[in-house]
Amino acid sequence: MPSKTTNFTLSAMLAAGLAAATPLAAQTADRELTVYTYESFVAEWGPGPQIEAAFEAQCSCDLKWVGVADGVALLNRLKLEGEEAAAGVVLGLDTNLVTEAKATGLFEAHGIDAAAVEVPGDFADDTFLPYDYGHFAVVYDSEAIAAPPASLKELVEGDSNQKIVIQDPRTSTPGLGLLLWIKKVYGDDAAAAWSQLKDRVLTVTPGWSEAYGLFTSGEAPMVLSYTTSPAYHMVAEETDRYQAAAFDEGHYLQIEVAGLLKAAPDKELARQFLTFMLSQEFQQVIPTTNWMLPAVAIEADLPDAFDKLVKPATSLLYEPQVVAENRKAWIDEWLNAMSK
Amino acid sequence: MSSLLTRAESRAAVLGGVIAIAAISVAIAVPVTALLWRGTTGEAPDLGFDSYLLRVTRFTLLQAVLSTLLSVALAIPLARALARRPSFPGRVWLLRLFAVPLGLPPLVAALGLLTIWGRQGAVNDLLTGLTGGEPFSIYGLSGILLAHVFFNLPLTARLLLLGLERLPQEYWKNAAILGLGQWTTFRHVEWPAMLQPALAAASLVFMLCITSFTLVLVLGGGPAATTLEVAVYQALRFDFDPSRAVFLAVIQIALTIAALALLRLTGGRDDVSELMVTGQARPDVHGRAAGLVDMTVILVAALFVLSPLLATLVAGLSADLPRLLTEAALWRAGLTSLGVALCAALLSLLLALLLIRARLQMPGLGAQRTKHGLDALAGAAGSLVLMVPPIVLGAGWFLLFRGARGSILLPLILIIIINAMMALPFVMRVLEGAYRTAMSRNGQLALALGVTGLSRIRRIDLPALARPLGAAFAFAMALSLGDLGAIALFGNDRLVTLPYLLLQKMGSYRTADAAGMALILATLCIGLMMLADRSVSRQRSGTQKNPQKNKGRMP
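Residues numbered from 1 in each chain as written. Chains lettered and ligands numbered in written order. Predicted model: local features only at pLDDT ≥ 70, side-chain atom pairs only at ≥ 80, totals over all residues. Heavy atoms only, no water.

- Going by the annotation in an unreviewed UniProt entry, the name recorded for chain B is Thiamine/thiamine pyrophosphate ABC transporter permease, with Pseudohoeflea coraliihabitans given as the source organism.

- As recorded by an unreviewed UniProt entry, chain A carries the name Thiamine ABC transporter substrate binding subunit and is attributed to Pseudohoeflea coraliihabitans.
- What the UniProt record of chain A gives under Subcellular location (unreviewed entry) is the line "Periplasm".
- We quote the UniProt Sequence similarities (unreviewed entry) comment for chain A here in full: "Belongs to the bacterial solute-binding protein 1 family." (UniProt positions renumbered as here; feature names shortened; annotations may be inferred.)

Put into structure tokens, the structure is as follows:
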């Protein structure tokens, strides 16, 4: 390094450094709505881009997505940011989290007519609106596994050389879903079940996207996802290679919801978005981008692939209140079992 | 050393030292106090959680001990083979290659290792092809050990090689004349020469592994393979459970203090950069079979270190780099990273210079007691930095400012402080020796010429130190550029650095993008490291007209 560089003026360089480090201010639009959601929702192949275009066409506003790893991470982020959360709408929590989310005091009643909503168990809430639902399932690669597990029990007790990628229940709603699923089926023996399943787990990812990515790249022959996931491969890739395993004990249900933040900078716009969320324009995008079932009956037919999917005979679901009371204890139980 | 500063300069140096010590103490004591305060006032963690805490602590120790044992055990034959083969073609390059992991961002290394050792990687392909068995999994303890060996084997081998090459040439001549066998030479000559550096390296590696964050986060694969650092991060960002984070952080500090004590005990202060690139002639080494064994060892080690780097290069080049380079997000993250690294490196250099200057101005001012006190304090400030690993430091600030969410400037400043602290021990190491030499060479002259104060610093001290300063600066920047710890705690959608963006791309399964970004980040860091390496070696060859020879040091 030439010796000239040592004659630098420290303050000038510090200033330059700080200036470079401060991200450029965002361009301003007339009205602006920020929606906190999970990563896969805003991915280029996810619903985000289409929904953004459709909503911006009718609101003359700028819709901004902020994606975090997964649904539970959303709640963590809200708890951390508190009133400083710079968003109007939070989209991507599920019914397991709504009691806890309400307890933060950060949400307010949406005040929107939700009569059109049709989800299993007729979930209705004055703060959170469902936008889609689905059942969790173990999705497997039929080229790597000839006989997939036919029950949760077989998954837990099966060959530990056949690996599965799961998500962390502390950050991810599918991860939390599996935890609740096992709790529902095994009850007090859940910890023992996890200790056994542990050897089959290749890795625990913070979010669904990463887990599914590892699965499709061939790192593991199984992944925790949804009964609807194979539809993506049938429609977009025209292959039956990836299938969901039907489990005898039934499948845990996930109803995904969105809510309005009390501190929303533009509440009217936020409400407009929530109304839009239940409209055909939004709902028709969901099945073939988020690969979940719409929360409102859609006029267009679903692709044929959806008829070939596993239809769970039994839906399993805890009351939000029960999850809120036990989530921490059950996650500690999971941590304990998984760290043995 | 007699005083080479004027009275006024001494006073200024002391003042500067006091300021630096105060700044470092504040940067570290404040977050630690915040942690402890939170720990005593917050609710105690649930009892059911104790066993998890115990297991995380146990695993942290286990992986660190195993990583250390593996790194040192494998480095012994490697260093020996390298010492026995002093002049094969490419030896100089190989030793340079061994310096690369030191500055490589852990996240990039983890990606490279996954490409080679993952289920779909070359090694598994080869093994399943040969044996037809199940592919092995890189996730968990095996992956962590692999990554730690990747980072620490080259470092340890360099330290051991240094030990061997410090031996006077006569040792090898005598061994040849006496016709000592390989084993006898090892037992009576090589091993004694490697023992001390091996202990020093072991404690250094243990220290590095016990605070390992990124590698464990990416390759750990779940709660069974979680270290304290990762658990602290998860307690804050996953659970938002401050009391749990505090307990974990306190255990982490206790472990680091123990490791630090070990490091001091074994005198782990060897300077790898002093490694001579051309080895000594080895008249004692002969025989074809022995040569084959040596070269195989060297070749395997070279492949082990080179393959993840090559994988990063190949995967990165096959990414859509032109498109990636037009992405605003990448440029924003890149500028943020460079800005942070620039500030952190400057801050680190400034603190280090102030500390060194204060420590080295020996007699000439005030009572002896003050000076000893100051010297000890400056030393303690350096240790303080090592005691509190970046994630723990970050956790303290995080709790103090509730995640520092409100503004963008506050988390930026915190990340800069944490990165500067991280780099400080390394910067001190590079600068202290150089400063001492420069002082003894120019001090009398400056006094005689009457060049004092700022003009002396500007005209004499800084130019003399230009190269080591450049080296320390480049190294500190590389460290900061590759850091994921601080940004993992404070990062958000508005505050993104290159490693953070890379982690996001990995998470959202944009592997091609991730590979391209890994290449960009690796190029930046390795480029800086090479700059640092070159300025150090040029400094040495430029100033040492009579390179120290081992002649005349006959035992």
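Next, the rest of the story.
## Looking at the overall build of chain A
Consideration 1: Per the secondary structure count, chain A includes 14 helices and 12 strands.
Consideration 2: By the compact-globule yardstick of 20 Å for 340 residues, chain A fits well, its C-alpha radius of gyration being 22 Å.
Consideration 3: Each of the three principal axes of chain A carries a C-alpha extent, and together these read 70 × 60 × 45 Å.
Consideration 4: Residue burial in chain A is summarised as follows: out of 340 residues, 58% are buried. (Helix = DSSP H or I, 4+ residues; strand = E, 2+ residues; numbered from the N terminus. Rg over C-alpha atoms; globule rule 2.2 N^0.38 Å. Buried < 20%, exposed > 50% of the residue type's maximum accessible area, 1.4 Å probe, protein only.)

## Focus on the overall build of chain B
Consideration 1: A count of helical and extended segments in chain B gives 22 helices and 0 strands.
Consideration 2: The buried share among the 555 residues of chain B stands at 56%.
Consideration 3: In chain B, once contacts between residues fewer than 6 apart in sequence are set aside, the share between residues at least 24 apart is 84%. (Contact = heavy atoms within 4.5 Å.)

## Here we look at helix α19 (residues 453-482) of chain B
Think of an α-helix as 3.6 residues a turn; residues three or four steps apart then line up on the same face.
Residues and elements named next belong to chain B.
Consideration 1: Compared with an ideal rise of 1.5 Å per residue, which puts 30 residues at 44 Å, α19 spans 37 Å between its outermost C-alpha atoms and falls more than 12% short.
Consideration 2: Largest kink in α19: about 60°, centred on A466, with the proline P468 one to four residues after it.
Consideration 3: Here α19 lies mainly inside the structure; 21 of its 30 residues are buried. (Expected span 1.5 Å × (residues − 1). Bend = angle between axes of the 7 residues up to and from the residue.)

## Topic: the state of the cysteines
Consideration 1: On inspection of all chains with the given rule, the structure shows 1 disulfide over all chains.
Consideration 2: Between the sulfur of C59 of chain A and that of C61 of chain A lies a disulfide, 2.0 Å long from S to S. As the torsion about the S-S bond is roughly -80°, the C59 of chain A-C61 of chain A disulfide counts as left-handed. In terms of burial, C59 of chain A and C61 of chain A fall into one category: buried.
Consideration 3: Just so you know, C343 of chain B is unpaired, no disulfide at all, and the nearest cysteine sulfur is the one on C525 of chain B, 16 Å from it.
Consideration 4: A relative accessible area of 2% places C343 of chain B in the buried class. (Disulfide = S-S within 2.5 Å.)

## A look at the side chain of S229 of chain A
Residues and elements named next belong to chain A.
Consideration 1: Relative to the helices and strands, S229 resides in helix α10 (residues 229-236).
Consideration 2: Here S229 falls in the buried class, since its relative accessible area comes to 6%.
Consideration 3: With near-sequence residues (within four places) excluded, S229 lies in contact with V139 and Y212.

## Here's the deal with the packing of helix α15 (residues 328-360) of chain B against helix α21 (residues 498-507) of chain B
Residue and element names in this part refer to chain B.
Consideration 1: Across the interface, α15 lies against α21 with an axial gap of 8 Å and an inter-helix angle of 145°. Residues A329, L330, A333, G334 and S337 of α15 form the contact with α21, whose own contacting residues are L498, P499 and L501.
Consideration 2: Partitioning the contact of α15 with α21 into residue classes produces 6 nonpolar, 2 polar and no charged. (Axes fitted to C-alpha atoms, helices over the stretch in contact; angles between N-to-C directions. Nonpolar A, V, L, I, M, F, W, Y, C, P; charged D, E, K, R; others polar.)

## Quick notes on the packing of aromatic side chains
Residue and element names in this part refer to chain A.
Consideration 1: All told, the structure shown has 33 aromatic pairs over all chains when counted by the stated rule.
Consideration 2: With a centroid separation of 6.2 Å and an interplanar angle of 90°, the aromatic rings of W194 and W334 are classed as edge-to-face. Taken together, the positions of W194 in helix α8 (residues 190-197) and W334 in helix α14 (residues 320-338) put the pair 140 residues apart, joining distant regions of the chain.
Consideration 3: When its relative accessible area of 3% is taken as the criterion, W194 is described as buried.
Consideration 4: By relative accessible area, W334 is classed as buried at 1%. (Phe/Tyr/Trp six-rings, centres within 6.5 Å; stacked < 30°, edge-to-face > 60°.)

## What about the environment of S243 of chain B?
Consideration 1: Within the secondary structure, S243 of chain B is located in helix α12 (residues 242-265).
Consideration 2: A distance of 3.2 Å separates a polar atom in the side chain of S243 of chain B from a polar atom in the side chain of D241 of chain B. (Polar contact = N/O pair within 3.5 Å; in protein donor to acceptor, adjacent residues only side chain to side chain.)

## A few points about a nonpolar patch on the surface
Consideration 1: There is a patch of nonpolar side chains on the surface, built from L306, L310, L313, V314 and L317 of chain B and spanning about 440 Å² of accessible area.
Consideration 2: When you line up the elements, V314 of chain B lands in helix α13 (residues 288-318). (Patch = residues over 30% accessible without salt bridge, like charges linked within 9 Å, V, L, I, M, F, W, Y side chains within 5 Å. Areas by Shrake-Rupley, 256 points an atom, 1.4 Å probe, with all protein chains shown as cover. Salt bridge = Lys/Arg side-chain N within 4 Å of Asp/Glu carboxyl O.)

## Topic: unusual backbone geometry
Residues and elements named next belong to chain A.
Consideration 1: Positive phi outside glycine occurs at S60, with the angle close to 40°.
Consideration 2: Within the secondary structure layout, S60 lies in the loop between α3 (48-59) and β2 (62-68).
Consideration 3: On the basis of relative accessible area, S60 is assigned to the exposed category, the value being 61%.

## Notes on the side chain of N336 of chain A
Consideration 1: Within the secondary structure layout, N336 of chain A lies in helix α14.
Consideration 2: Reaching out from N336 of chain A, the side chain makes a polar contact with the side chain of S51 of chain B at a distance of 2.7 Å.

## Section: the packing of helix α9 (residues 182-210) of chain B against α12 of chain B
All names here are of chain B.
Consideration 1: With their axes 9 Å apart at the nearest point, α9 and α12 run at an angle of 165° to one another. Judged by the angle between their axes, α9 and α12 are roughly antiparallel. As α9 packs across α12, the resulting crossing turns out to be left-handed. Residues A200, S203, L204, F206, M207 and I210 of α9 pack against Q252, L255, T256, A259, L260, L262 and L263 of α12.
Consideration 2: Its residues assigned to classes, the contact of α9 with α12 shows 10 nonpolar, 3 polar and no charged. (Parallel < 35°, antiparallel > 145°, perpendicular 65-115°, else oblique. Left-handed = near helix turned anticlockwise from the far one by under 90°.)

## Observations regarding the confidence of the model for chain A
Consideration 1: Per-residue confidence for chain A gives a mean pLDDT of 89; residues scoring 70 or more make up 91%.
Consideration 2: Within the model, the stretch residues 1-11 of chain A combines pLDDT values under 50 with 12 contacts to residues more than four positions away or in other chains. (pLDDT = per-residue confidence, 0-100.)

## Focus on the pattern of salt bridges
Two side chains with opposite charge may pair up if their charged atoms get near one another.
Consideration 1: A complete count under the given rule lists 31 salt bridges over all chains for this structure.
Consideration 2: A salt bridge links D62 of chain A to K64 of chain A, with the nearest nitrogen and oxygen atoms 4.0 Å apart.
Consideration 3: Through salt bridges with shared partners, one network takes in D168, R170, K328 and D332 of chain A together with D239, D241 and R244 of chain B.

## Quick word on the confidence of the model for chain B
All names here are of chain B.
Consideration 1: Predicted confidence across chain B gives a mean pLDDT of 84, with 88% of residues reaching 70 or more.
Consideration 2: Scored below 50 in pLDDT, residues 363-367 shows 11 contacts in the model against residues more than four places distant or in partner chains.
Consideration 3: This model gives residues 541-555 a pLDDT under 50, and the stretch forms 11 contacts once residues within four places in sequence are excluded.
Consideration 4: Our summary of model confidence lists the complex with pTM equal to 0.85 and ipTM equal to 0.80.

## Observations regarding the nonpolar core
Consideration 1: Grouped together as the largest cluster of nonpolar side chains are 292 residues, with contacts concentrated most on L91, L93, W194, F273 and F282 of chain A together with L502 of chain B.
Consideration 2: Beyond its immediate sequence surroundings of up to four residues, L93 of chain A is in contact with G71, L74, L75, A101, F107, F128, I255, E256 and V257 of chain A.
Consideration 3: Grouped together as the second largest cluster of nonpolar side chains are 6 residues, A231, A305, F306 and L309 of chain A included. (Core = buried A, V, L, I, M, F, W, Y, C linked by side-chain atoms within 4.5 Å.)

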